[in-house]
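Fold and contact review
Take a look at the letters that make up each chain.
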Amino acid sequence: MSVLTPQHVAQAFGTPVSTYLWPDSEQMNAELHKGLLALEASDEGIHHSNIGGWHSKTDLLSHTEIDGIPTLSERIVSMVGDMARFHAREDVTKEFKMRVDCWANISRSGNYANIHDHGGAVWSGVYYVSSGQPRTDDPANGKLELIDPRTGIAMVGAEYGTRSGRFLVDPMPGLMIVFPSWLKHMVHPFVGTGERISIAFNVNIIPAR
């Protein structure tokens, strides 16, 4: 006989992750693709967690000369705003401002990103502009992996539950994912042709006075 009901079970220490495949993204992605390749050609960028590839400076949203950047900015603010309001405590005002840092990553065959997190922010996320043409023999090829923060999850028997497993994100053009900035993640090596272009962002929430 079952004795447990939903009020007897709490999802303690859960990690919120939101994904959304934005519709009608083809034109914007084409504009971003063209503009980011031009920016790459004129700016050597910076090196952070990326191994190979090109990592722009974190002021990407200021490059309004790139068609598609204003719409991208609106999408980031909309999705992160929804996440922040959804997860705010009842005693905290849901009126706030956001400070957004944003940068582009262009990866070609052999490029990847080490395990890292984004200190100094509240929410982080990624938007995919293009996925390139990956080889299909590696199921993790070029994918983002969010690292399970529960250090004991590898205990014996965990594989039989529904709360274990890897969280791999397929880099589909138009997909945006948002997660807490403290969550460690990595990008598996991309092997294939063309460019895998993503735009990452950090967001700080500034409560209204």
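Every residue gets a number counted from 1 within its own chain, in the order that chain's sequence is written. Two thresholds apply to this predicted model, a pLDDT of at least 70 for residue-level local features and 80 or more for giving and counting side-chain atom pairs, whereas whole-chain, interface and lining totals are computed over all residues. Heavy atoms throughout the structure, all of them, feed into the side-chain values; hydrogens and water do not.

**Examining a nonpolar patch on the surface**
- Only residues whose relative accessible area exceeds 30% and that form no salt bridge are eligible for patches; like-charged ones are grouped when within 9 Å, while nonpolar side chains (Val, Leu, Ile, Met, Phe, Trp, Tyr) are grouped when within 5 Å. Using a 1.4 Å probe, accessible areas were evaluated by the Shrake-Rupley method; residue-level cover was limited to the displayed protein chains. Just to be clear on terms, a salt bridge is a Lys or Arg side-chain nitrogen sitting within 4 Å of an Asp or Glu carboxyl oxygen. Residues Met 1, Val 3, Leu 4 and Val 9 make up a contiguous nonpolar surface patch of roughly 510 Å² in combined accessible area.
- The numbering of helices and of strands both runs from the N terminus, where a helix is a DSSP run of H or I of at least 4 residues and a strand a run of E of at least 2. Within the element layout of this structure, Met 1 appears in the segment before β1 (18-21).

**Comments concerning the nonpolar core**
- We call a set of buried Ala, Val, Leu, Ile, Met, Phe, Trp, Tyr and Cys residues a nonpolar core when their side-chain atoms join them within 4.5 Å. Each residue gets one of three labels from its accessible area relative to the maximum for its type: buried under 20%, exposed over 50%, partly exposed in between, using a 1.4 Å probe on protein chains only. Counting residues in hydrophobic clusters, the biggest one holds 28 residues, and the most contacted among them are Leu 32, Leu 36 and Ile 199.
- If one sorts the elements of this core by residue count, helix α2 (residues 69-87) sits on top with 7 residues.
- It only takes one pair of heavy atoms within 4.5 Å for two residues to be counted as in contact. Ignoring any residue separated from it by four or fewer positions in sequence, one finds Ile 199 in contact with Leu 32, Leu 36, Leu 60, Leu 72, Cys 102, Trp 103, Ala 104, Gly 125, Val 126, Tyr 127 and Val 129.
- Membership of the second largest hydrophobic core comes to 11 residues, among which are Leu 144, Leu 146, Leu 183 and Val 187.

**Some details on the side chain of His 63**
- For His 63, the location among the structural elements is in the loop between β3 (54-55) and α2.
- His 63 sits in the buried class, given a relative accessible area of 18%.

**Things to note about the pairing of strand β11 (residues 192-207)**
- Only when DSSP finds a minimum of two bridges between them are two strands counted as paired. One ladder, built from 12 bridges, connects strand β4 (residues 96-107) with β11; its direction is antiparallel. Bridging across to β11, Asp 101 finds its partner in Asn 202.
- Sheet topology places strand β6 (residues 123-134) next to β11; 10 bridges connect them, and they run antiparallel. Bridging across to β11, Ser 124 finds its partner in Asn 202.

**Some words on the packing of aromatic side chains**
- In this scheme Phe, Tyr and Trp rings, the latter by its six-membered ring, pair at centre separations within 6.5 Å, and the angle between planes marks the pair as stacked below 30 degrees, edge-to-face above 60, and tilted otherwise. In the structure shown here, the tally under the stated rule is 1 aromatic pair.
- Plain terms: the ring middles of Tyr 20 and Trp 22 are 4.9 Å apart, the flat faces sit at 90° to each other, and that makes the pair edge-to-face.
- Judged by its relative accessible area of 40%, Tyr 20 falls in the partly exposed class.
- Judged by its relative accessible area of 18%, Trp 22 falls in the buried class.

**Some thoughts on the pattern of salt bridges**
- All told, the structure shown has 7 salt bridges when counted by the stated rule.
- For Arg 108, the salt bridge is made with Glu 195, and the minimal N-O distance between the two is 4.0 Å. Placement of the pair is Arg 108 in the loop between β4 and β5 (112-116) and Glu 195 in strand β11, with a sequence separation of 87 residues.
- In this structure Arg 108 comes out as partly exposed when scored by relative accessible area, which is 31%.
- Asp 137 serves as the salt-bridge partner of Arg 135, at 3.2 Å between the closest nitrogen and oxygen.
- Assessed through its relative accessible area of 56%, Asp 137 is described here as exposed.
- Salt bridges sharing partners connect three or more residues here, namely Glu 40, Arg 108 and Glu 195.

**A closer look at helix α1 (residues 26-42)**
- Given the number of residues in a helix, its expected span is that number minus one, multiplied by 1.5 Å. Counted at 1.5 Å a residue, the expected span for α1 with its 17 residues is 24 Å, and the 25 Å between its end C-alpha atoms agrees.
- Where α1 is concerned, the buried positions are Met 28, Asn 29, Leu 32, Gly 35, Leu 36, Leu 39 and Glu 40. One face of α1 carries all of its buried residues, which in axial projection span an arc of 140°. In α1, those exposed residues whose orientation departs by more than 90 degrees from the buried face are Glu 26, Gln 27, Lys 34, Ala 41 and Ser 42.
- For α1, the secondary structure elements touched by its buried residues are β3, α2, β4, β6 and β11. In this context, the arc is that of the directions from the helix axis out to the C-beta atoms.

**Quick notes on unusual backbone geometry**
- Non-glycine residue Asp 24 carries a positive phi angle of around 55°.
- Of note, Asp 24 is situated in the loop between β1 and α1.
- A relative accessible area of 70% places Asp 24 in the exposed class.

**Quick notes on the sheet that holds β4**
- Spatially, the 6 strands line up as an open sheet ordered β1-β9-β6-β11-β4-β3, and their pairing is antiparallel. At either end of the open sheet lies a strand with only one pairing partner, and these are β1 and β3.
- Orientation is described by lines fitted to C-alpha atoms, with helices fitted over the stretch in contact, and by angles between N-to-C directions that extend from 0 to 180 degrees. Packed on one face of the sheet, α1 meets β3, β4, β6 and β11 and runs near 90° to β6.
- Running at roughly 125° to β4, α2 makes contact with β1, β4, β6, β9 (175-180) and β11 of the sheet.

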